[in-house]
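Architecture at a glance
Here's the letter readout for the chains.
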Amino acid sequence: MHLFKKLLFATGLSLTAQVGFVGASFAEVNVNSVPSIINLNKDIVIEGDIVYLDDIFSGTDTENRTAIARSPALGKDVELSARWLWALAQKNELDWQPSTHLDTAMVTRASQIINATDIRDSVETALLERGLVDNKKIEFDRKDRDLKIPAEIEPTLRVENISYRPGRNRFTAQIVIPAEGRPIINKTLSGYLIEMVNVPVLKRRLSKGDVIQAQDIQWIAIKESKLSKNAITDIDNLIGMTPKQTLKDQTIIRTNDIDTPKAVTKNGLVTMLLQSGSLNLRTQGRALENGAIGEVIRLLNTQSNTIVHGTITGAGLVTVSLVNKTIVGTN
């Protein structure tokens, strides 16, 4: 940006008192105190609100400083043209002139960053101290952003003036920088508190047929509003189950995503335990359908070619009860 417009200089390079200079005017320079060698500072980094003559030109009086204008806004660079600089040098009786139009200078306001995470943590801590964020998460109305502050300010903050509206879960809070001493920056943040719920998820990807164990599970907190009705929130409803299809880690698991592991597969050979009172007889059979432990399935007694019903009592094991010492079934 040319002509230092953002430093509040007058249009047309007049450099007169009407531009609102801060402190001494340009005319108030003791010529006898200015050294004979004057050099232009090409890259100028300003700490503070004011740009001084000795910030722009080295070799000028650094004790009785001449104020030029206010510093650029944080994050903004301002370019000073050769023509403007020459006019400034002449006005202050400095022995300097540009050799080409490329003799320019760039003015930057020194700054530093307060991380958005630190801001969020500070607000959450302040709300926690008031008992407002138990099982809740804060969401700011505006996306979390790092806060740029002047380099000369201590990069600390405190939170005060907290206001909370329970009916709408709305809050406002004011952050003050620095945390101690005279406030330099006051910024009001607003947002709302979101109900959170802990749910069990897988630590690793599991495939169909894998049995979910306790060591496969971890807990994460999610927004209650995003939790579907059939989402599993009880770890007991996961352990011992198997995915119906591959399940990714860190993914909310629904009741229709899992099934009881199949102890018996359709058309697979099984051991039939025939029971009648104290009589126990083992023989071979073939399952006519899939089944999990505790389920009743149909199976074929391969010895008698009889179809019977039995309860799955283990992996590949089906117990068949005998009635009147006769296996119930049909050919």
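My aim in this report is to walk through the structure given alongside it, one point at a time. (Residues numbered from 1 in each chain as written. Predicted model: local features only at pLDDT ≥ 70, side-chain atom pairs only at ≥ 80, totals over all residues. Heavy atoms only, no water.)

1. Thoughts on the overall build of the chain
The test is simple: By the criteria applied, helices consist of DSSP H or I runs no shorter than four residues and strands consist of E runs no shorter than two, each listed in order from the N terminus. Accessibility here uses a 1.4 Å probe with only protein chains present; expressed as a share of the type maximum, an area under 20% marks a residue as buried, one over 50% as exposed, and anything in between as partly exposed. Accessible surface area values rest on a Shrake-Rupley calculation with a 1.4 Å probe, where residue burial reflects the displayed protein chains alone.
Per the secondary structure count, the chain includes three helices and 23 strands. When each of the 331 residues of the chain is scored for burial, the buried share is 39%. Summing over all exposed atoms, the chain offers an accessible surface of approximately 19,200 Å²; the carbon and sulfur share of this is 46%.

2. Structural notes on helix α3 (residues 116-129)
Our working definition: Here a helix's expected span is defined as the number of its residues, less one, multiplied by 1.5 Å. Directions are taken from the helix axis to each C-beta atom, and the arc is the one they span.
Its 14 residues give α3 an end-to-end C-alpha distance of 20 Å, which sits within 8% of 20 Å, the value for a rise of 1.5 Å per residue. Three or more residues of α3 are buried, namely Ala116, Ile119, Arg120, Val123, Ala126 and Leu127. Taken end-on, α3 shows its buried residues confined to a sector of 130°, consistent with a single buried face. Residues of α3 that are exposed and point more than 90 degrees away from the buried face comprise Leu128 and Glu129.

3. A look at the pattern of salt bridges
What counts, and what does not: The term salt bridge refers to a side-chain nitrogen of Lys or Arg lying within 4 Å of a carboxyl oxygen of Asp or Glu.
Enumeration according to the criterion identifies 15 salt bridges in this entry. The residue Glu124 makes a salt bridge to Arg120 at a minimum N-O spacing of 3.8 Å. Remark: Arg120 and Glu124 occur in helix α3; sequence separation between them is four residues, near one turn of the helix. Taking the relative accessible area as the measure of exposure, Glu124 reaches 24% and is therefore partly exposed. Close ionic contact of Arg204 with Asp216 constitutes a salt bridge, the shortest N to O distance being 3.2 Å. Within this pair, whereas Arg204 is found in the loop between β13 (185-202) and β14 (217-223), its partner Asp216 is found in the loop between β13 and β14, the two being separated by 12 residues in sequence.

4. Notes on the packing of aromatic side chains
Test applied: Aromatic pairs are defined between Phe, Tyr and Trp rings, using the six-membered ring for Trp, whenever the two ring centres lie within 6.5 Å; interplanar angles under 30 degrees are classed as stacked, those over 60 as edge-to-face, and all others as tilted. Here, a charge over a ring means that NZ of Lys or CZ of Arg falls within 6 Å of the ring centre while also lying within 35 degrees of the ring normal.
Taken as a whole and assessed by the stated rule, the structure comprises two aromatic pairs. Positioned above the aromatic ring of Tyr52 is the side chain of Arg65, whose terminal nitrogen or guanidinium carbon lies 4.0 Å from the ring centre.

5. Some remarks on the side chain of Arg120
Test applied: Any pair of nitrogen or oxygen atoms within 3.5 Å is treated as a polar contact; in protein, a donor-acceptor pairing is required on top of that, and neighbouring residues in sequence qualify only through side-chain atoms on both sides. We call two residues in contact whenever any of their non-hydrogen atoms come within 4.5 Å of each other.
With a relative accessible area of 15%, Arg120 lands in the buried category. Looking at Arg120, its side chain comes within polar contact range of the main-chain oxygen of Ile138, at 2.7 Å. Residue contacts for Arg120: discarding those within four places in its chain leaves Lys137, Ile138, Glu139, Phe140 and Asp144.

6. Structural notes on the sheet that holds strand β2 (residues 43-46)
Worth spelling out the cut-off: At least two bridges found by DSSP between two strands are what make those strands a pair. Lines fitted to C-alpha atoms define the axes here, with helix axes fitted over just the stretch in contact, and angles between the N-to-C directions of these axes take values from 0 to 180 degrees.
An order of β2-β7-β6 is seen for the three strands of this open sheet, with the pairing classed as mixed. Each having just a single partner strand, β2 and β6 (77-80) make up the two edges of the open sheet. This sheet shows a mean twist of 25° between the axes of neighbouring strands, independent of strand direction. Direction of pairing for β6 relative to strand β7 (residues 105-109): antiparallel, over a ladder of four bridges. Considered in β7, the bridge of Glu79 is made with Met106.

7. Re the environment of Asp55
Its place among the elements puts Asp55 in helix α1 (residues 53-56). The sequence separation of Asp55 and Ala67 amounts to 12 residues, and the corresponding C-alpha distance is 9.6 Å. With near-sequence residues (within four places) excluded, Asp55 lies in contact with Asn41, Ile44, Ile46, Ile50 and Arg65. A distance of 2.8 Å separates the side chain of Asp55 from the backbone nitrogen of Tyr52, its partner in a polar contact.

8. With respect to the environment of Gln218
Within the secondary structure, Gln218 is located in strand β14. Judged by its relative accessible area of 26%, Gln218 falls in the partly exposed class. Residues Gln218 and Gln250, spaced 32 residues apart in sequence, show a C-alpha to C-alpha distance of 8.4 Å. Residues contacting Gln218, with those up to four places away along its chain left out, are Val199, Pro200, Val201, Lys203 and Gln250.

9. Describing unusual backbone geometry
In this structure, Pro178 follows Ile177 across a cis peptide bond, with omega equal to -5°. Although it is not a glycine, Asn305 sits at a positive phi angle of roughly 55°. Along the chain, the position of Asn305 falls in the loop between β21 (296-301) and β22 (306-314).

10. Observations concerning the pairing of β22
The pairing of β21 with β22 spans six bridges and is classified as antiparallel. From the neighbouring strand, Asn301 faces β22, where its bridge partner is Thr306. In this antiparallel pair of consecutive strands, β21 and β22, the connection spans four residues, and Asn305 shows a positive phi of 55°. Pairing geometry for β22 and strand β23 (residues 317-321), over three bridges, is antiparallel. Its bridge partner lying in β23, Ile312 is registered against Val318.

Purely geometric stuff here, so don't read any function into it on its own.
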